[in-house]
Amino acid sequence: MASVAVIMADPKQSEERLKRESVALPEEIDKGSMCDEIVGSSGALQKVLSLVSKVAPTDATVLITGETGTGKELIARAIHRQSRRSSRAFVTVNCAAIPRDLIASELFGHEKGSFTGALQRRLGRFELAEGGTIFLDEVGELPLGTQIALLRVLQEHEFERVGGTRSIRTNVRVVAATNRNLQAAIAAGTFRSDLFYRLNVFPIDMPPLRDRREDIPVLVEYFVDHCARKVGKNIQGITKESLDLLRSYPWPGNIRELQNVIERSVIMCETENFSVDKTWLARQPLAIEPKIPPDLSEKLAAEEKEMIEAALRESAGRVFGPSGAATKLGIARSTLESKIRSLKIAKNSFKDFAETIPRRSCLESVQ
Ligand SMILES: Nc1ncnc2c1ncn2[C@@H]1O[C@H](COP(=O)(O)OP(=O)(O)OP(=O)(O)O)[C@@H](O)[C@H]1O
Ligand SMILES: [Mg+2]
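What comes next is a walk through the structure. (Residues numbered from 1 in each chain as written. Chains lettered and ligands numbered in written order. Predicted model: local features only at pLDDT ≥ 70, side-chain atom pairs only at ≥ 80, totals over all residues. Heavy atoms only, no water.)

Comments concerning the packing of helix α2 (residues 43-55) against helix α3 (residues 72-81)
Two elements in contact, α2 and α3, have axes whose closest approach is 9 Å; the angle formed by their N-to-C orientations is 35°. Of the two possible hands of crossing, α2 and α3 adopt the one that is right-handed. Contact with α2, carried on its side by V48, L49, V52 and V55, involves I75, A78 and I79 of α3 and no other residues of that element. Taken together, the residues of the contact of α2 with α3 sort by class into seven nonpolar, no polar and no charged. (Axes fitted to C-alpha atoms, helices over the stretch in contact; angles between N-to-C directions. Helix = DSSP H or I, 4+ residues; strand = E, 2+ residues; numbered from the N terminus. Left-handed = near helix turned anticlockwise from the far one by under 90°. Contact = heavy atoms within 4.5 Å. Nonpolar A, V, L, I, M, F, W, Y, C, P; charged D, E, K, R; others polar.)

In structure tokens form, the structure reads like this:
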């Protein structure tokens, strides 16, 4: 195979350590992906790998951006493996996959009885990652209240469990990733700019596969080899027509899409010469486009609701007046009241909030 950058993982090591040190949340322990090798020799990828080797030995917070499937998680793991923390845990959290009202408890843990169903104390993922690295994937999806708690972790290295009163010191390196435009989210009021600057200490932008087409042949060879071994096939070569096709396709799903197309083609392949069915490629870009509008309007409503709830919380349920939520949000009282009605927000439930939750705690929705 042509010039290939290879970084091997040892997820087992972290897993063993976590098993010894904690019995909680075994499902969050890093198991590694299909494999942790980073393949490619393009200038764009080499630039990324050089940033990785510079930042890895430091404790700097890293923000990895890039389209879906470009290898953000792979790079996060590489940073951990090349760091002084490599013998400690690498804990991943997909912020988009955890229900919004549970995310604070997942990240910071909770005390027994802190909310319905909290039958015993549970450690959060920051505590599981102690001494190691936490990878906050899809960080742009974090609710606003949890963003404040994360900011506190980054600034003061401490947090509280949900329902807890004691501050817990933490020594965890944060690597975050997003495929959202966080600047646009800041402009829309759904992502805190202070958190963005704290996360963006060392940005790494993953180039899309269509901007590093020279990596395609070596990736194809690598994935064909891997998949053929997995399914017990002997594949000797690839037809020129297929390779040209793979080189010219725009790959909206990037390397993950390439990997999936190859896995499917290897399964279908009946000769020693690998080929790709061109209809699989042509259909895919069209198939992913129409998804956006319905999701977006739902998401915007959820984000608007969250901002209003955060403002109500801060103003202890007051809608108007100098310290009321309308002033904090910079909108008219009547506008806020109509939004509270249309979004079905129970504004009275925020009345006692300031008295029951410690001021610096932001464990918003799990009360
Ligand atoms: N340079 C590479 N060499 C080999 N495999 C790669 C490379 N980049 C990505 N992959 C593989 O492609 C798949 C997608 O990578 P990864 O999950 O890191 O992408 P991502 O940017 O986090 O995607 P998403 O935004 O959808 O979460 C993984 O199986 C990963 O192992
Ligand atoms: Mg990812």
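Thoughts on the side chain of T61
Note on placement: T61 falls in the loop between α2 and β1 (62-65). By relative accessible area, T61 is classed as buried at 11%. Other than its neighbours up to four places away in sequence, T61 contacts L154, V174, R198, L199, V201 and F202. (Buried < 20%, exposed > 50% of the residue type's maximum accessible area, 1.4 Å probe, protein only.)

A word on a nonpolar patch on the surface
A contiguous nonpolar surface patch, about 290 Å² in accessible area, is contributed by V231, I267 and M268. Structurally, the position occupied by V231 is in helix α9 (residues 216-231). (Patch = residues over 30% accessible without salt bridge, like charges linked within 9 Å, V, L, I, M, F, W, Y side chains within 5 Å. Areas by Shrake-Rupley, 256 points an atom, 1.4 Å probe, with all protein chains shown as cover. Salt bridge = Lys/Arg side-chain N within 4 Å of Asp/Glu carboxyl O.)

Considering the sheet that holds β1
The strands that make up a sheet pair up through hydrogen bonds in the backbone, lying either parallel or antiparallel. Taken in spatial order, the five strands make up an open sheet running β2-β3-β6-β1-β7, and their pairing is parallel. With one partner strand each, in any of the chains shown, β2 (90-94) and β7 (202-205) form the two edges of the open sheet. Put simply, the sheet's adjacent strands are angled 20° from each other on average, direction ignored. Bridging between β1 and β7 involves four bridges; their strand directions are parallel. Opposite V62, over in β7, you have F202 as the bridge partner. Across the sheet, α3 lies against β1, β2, β3 (133-137), β6 (173-178) and β7, angled at about 155° from β1, the strand it touches most. (Pairing = 2+ DSSP bridges.)

A closer look at the packing of aromatic side chains
Enumeration according to the criterion identifies seven aromatic pairs in this entry. With a centroid separation of 5.5 Å and an interplanar angle of 10°, the aromatic rings of F108 and F126 are classed as stacked. Pair noted here: F108 is in helix α4 (residues 103-108) and F126 is in helix α5 (residues 125-128), with a separation of 18 residues, a long-range link. Take F108 and F126: they sit in the same class, and that class is buried. (Phe/Tyr/Trp six-rings, centres within 6.5 Å; stacked < 30°, edge-to-face > 60°.)

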